[in-house]
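Structure assessment
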Amino acid sequence: MKYYITILTMCCLLISCSSPKKGNVIINGTIKGLKKGTVYLQKVQDTILVNVDSVVVEGDPTFVMSTDIKEPEVMYLYLDKEDGVPYNDRLNFFAEPGEITINTTLMAFEKDVKIKGGKNEMKLQEFKKMNQRFNDRNLRLIKENFEAGKQNDQEKLMENDAAYKKLLRQKYLYTINFAVNNRKLEVSPYVTLNEIFDANISFLDTIANAMSPRVKKSMYGKQLIQYIEDRKAQEAYSEIKE
């Protein structure tokens, strides 16, 4: 499981917030087709997913929320349609001081989203677009593998296994290059922790060493550096035990 997805799965405590307040980040937008529901602005705080602002929608599908942040960080827009289904309408974005516009639809909350934000968000969108191609190809391989298994086609199964390993290498190499090329942005350590936290430690070191001094001092930069140190300590301990 991905590093941050694991955190969010464990986070079931939501801390409610009151009326909108002023901040250095303004999030506005429209959820086309939404007649009634509550839109929450959320973030991970001390490994817990919390609400930092919210808007009750009744007829008008537009919303405006705000918060204060000290540095760029990933936040979440969560839509509670009051349908009794939790965690099915949430999307993430990189928040930076300034104005962020998020437009989407009720029917395809995550798929139809269009976000206008800062440099980190632009790069995160670039990464997501490429990463989706890898995911789509992986799903095709899973389907092909299922069909080959039913027909006991061993040759096709071996071919798909080789294709999967090649795809995985391509995804990891792309992510590593992306992180290094964007070493001056907080999206670099964030994507590393979220997508390739289990990569070879030498690759993680390459990314961490490439980060600019400012990014190294950022929240995600510190988390990546600490994670690498923990991995090295754990691997060293395992070698001693052996």
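Just above sits the structure.
As the structure is a prediction and not an experimental result, all values here were calculated from the model. (Residues numbered from 1 in each chain as written. Predicted model: local features only at pLDDT ≥ 70, side-chain atom pairs only at ≥ 80, totals over all residues. Heavy atoms only, no water.)

**Concerning unusual backbone geometry**
For Asp 46, which is not glycine, the phi torsion reads 55° and is therefore positive. Tracing the backbone through its elements, the reader meets Asp 46 in the loop between strand S2 (36–45) and strand S3 (48–58). Take Asp 46: its relative accessible area is 68%, and that puts it in the exposed class. Phi angles above zero are rare outside glycine, and Thr 47 is one such case at about 65°. Among the structural elements, Thr 47 can be located in the loop between S2 and S3. Look at Thr 47 and you get exposed, because its relative accessible area is 54%. (Helix = DSSP H or I, 4+ residues; strand = E, 2+ residues; numbered from the N terminus. Buried < 20%, exposed > 50% of the residue type's maximum accessible area, 1.4 Å probe, protein only.)

**Observations regarding the sheet that holds S3**
The 4 strands lie next to each other as S3-S2-S5-S6, forming an open sheet whose pairing is antiparallel. In this open sheet, the two strands that pair with only one neighbour each are S3 and strand S6 (90–95). Along the sheet, successive strands turn relative to each other by an average axial angle of 25°, direction set aside. In this structure, S2 lies alongside strand S5 (residues 73–80), joined through 5 bridges in antiparallel fashion. Looking at the pairing, Gln 42 lines up with Tyr 76 of S5. (Pairing = 2+ DSSP bridges. Axes fitted to C-alpha atoms, helices over the stretch in contact; angles between N-to-C directions.)

**What to know about the pairing of strand S1 (residues 25–32)**
Pairing geometry for S1 and strand S4 (residues 62–67), over 6 bridges, is antiparallel. The residue of S4 that forms the bridge with Asn 28 is Val 64. The pairing of S1 with strand S7 (residues 98–105) spans 8 bridges and is parallel. Bridging from a neighbouring strand, Val 25 pairs with Gly 98 of S7.

**Structural notes on helix H2 (residues 119–150)**
Helical periodicity: at 3.6 residues per turn, an α-helix aligns residues three or four positions apart in one direction. If you check H2, its first and last C-alpha atoms are 47 Å apart, about what 32 residues at 1.5 Å a residue would give, namely 46 Å. Those residues of H2 that sit buried are Asn 120, Glu 121, Leu 124, Phe 127, Asn 131, Phe 134, Leu 141 and Ala 148. Contacts made by the buried residues of H2 are with S6, strand S8 (114–116), helix H3 (154–181) and helix H4 (187–195). Within two residues after H2, Asn 152 carries a phi angle of roughly 55°, on the positive side. (Expected span 1.5 Å × (residues − 1). Contact = heavy atoms within 4.5 Å.)

**Some words on the side chain of Glu 121**
Secondary-structure assignment places Glu 121 in helix H2. Look at Glu 121: it is buried, it has no salt bridge, and the nearest opposite charge is Lys 128 at 5.2 Å. Once residues lying within four places of it in the same chain are set aside, the contact partners of Glu 121 are Phe 93, Phe 94, Glu 96 and Ile 115. (Lys, Arg positive; Asp, Glu negative; His and termini not counted. Salt bridge = Lys/Arg side-chain N within 4 Å of Asp/Glu carboxyl O.)

**Some details on the packing of helix H5 (residues 201–210) against helix H7 (residues 219–241)**
Viewed as axis vectors pointing N to C, H5 and H7 meet at an angle of 155°, and their least axial separation amounts to 10 Å. In terms of their interaxial angle, H5 and H7 are classed as roughly antiparallel. Like other packed secondary-structure pairs, H5 and H7 cross with a definite hand, here left-handed. Of H7, the residues touching H5 (which contributes Ile 201, Leu 204, Asp 205, Ile 207 and Ala 208) are Leu 224, Tyr 227, Ile 228, Arg 231, Lys 232 and Glu 235. Residues of the contact of H5 with H7, tallied by class, amount to 7 nonpolar, no polar and 4 charged. (Parallel < 35°, antiparallel > 145°, perpendicular 65-115°, else oblique. Left-handed = near helix turned anticlockwise from the far one by under 90°. Nonpolar A, V, L, I, M, F, W, Y, C, P; charged D, E, K, R; others polar.)

**Here we look at the nonpolar core**
Nonpolar side chains in soluble globular proteins tend to end up buried together. In terms of nonpolar packing, the biggest core is built from 23 residues, with Ile 27, Val 39, Phe 63, Leu 77, Phe 93, Ile 100 and Ile 102 touching the most fellow members. Where this core is concerned, the elements lending two or more residues are S1, S2, S3, S4, S5, S6 and S7. Among the elements that line this core, the one with the most residues is S3, at 4 residues. Those residues in contact with Leu 77 that sit more than four places away from it in its chain are Val 39, Tyr 40, Phe 63, Met 65, Asp 89, Arg 90, Leu 91, Phe 93, Ile 102 and Phe 109. Of all hydrophobic cores here, the second largest spans 16 residues; its members include Tyr 172, Ile 196, Ile 201 and Ile 207. (Core = buried A, V, L, I, M, F, W, Y, C linked by side-chain atoms within 4.5 Å.)

**A short note on the pattern of salt bridges**
Scanning all chains against the criterion turns up 12 salt bridges. Between Lys 43 and Glu 73 there is a salt bridge, with its nearest N and O atoms 3.3 Å apart. With Lys 43 in strand S2 and Glu 73 in strand S5, this pair connects stretches of sequence that are 30 residues apart. Like Lys 43, the residue Glu 73 is buried in the burial classification. Between Glu 147 and Lys 150 there is a salt bridge, and its shortest N-O distance comes to 3.7 Å. Taken as a pair, Glu 147 and Lys 150 lie in helix H2 at a separation of 3 residues, close to a single helical turn. For Glu 147, a relative accessible area of 34% translates into the label partly exposed. Taken together, the shared-partner salt bridges connect Arg 137, Glu 144, Lys 156 and Glu 159 into one network.

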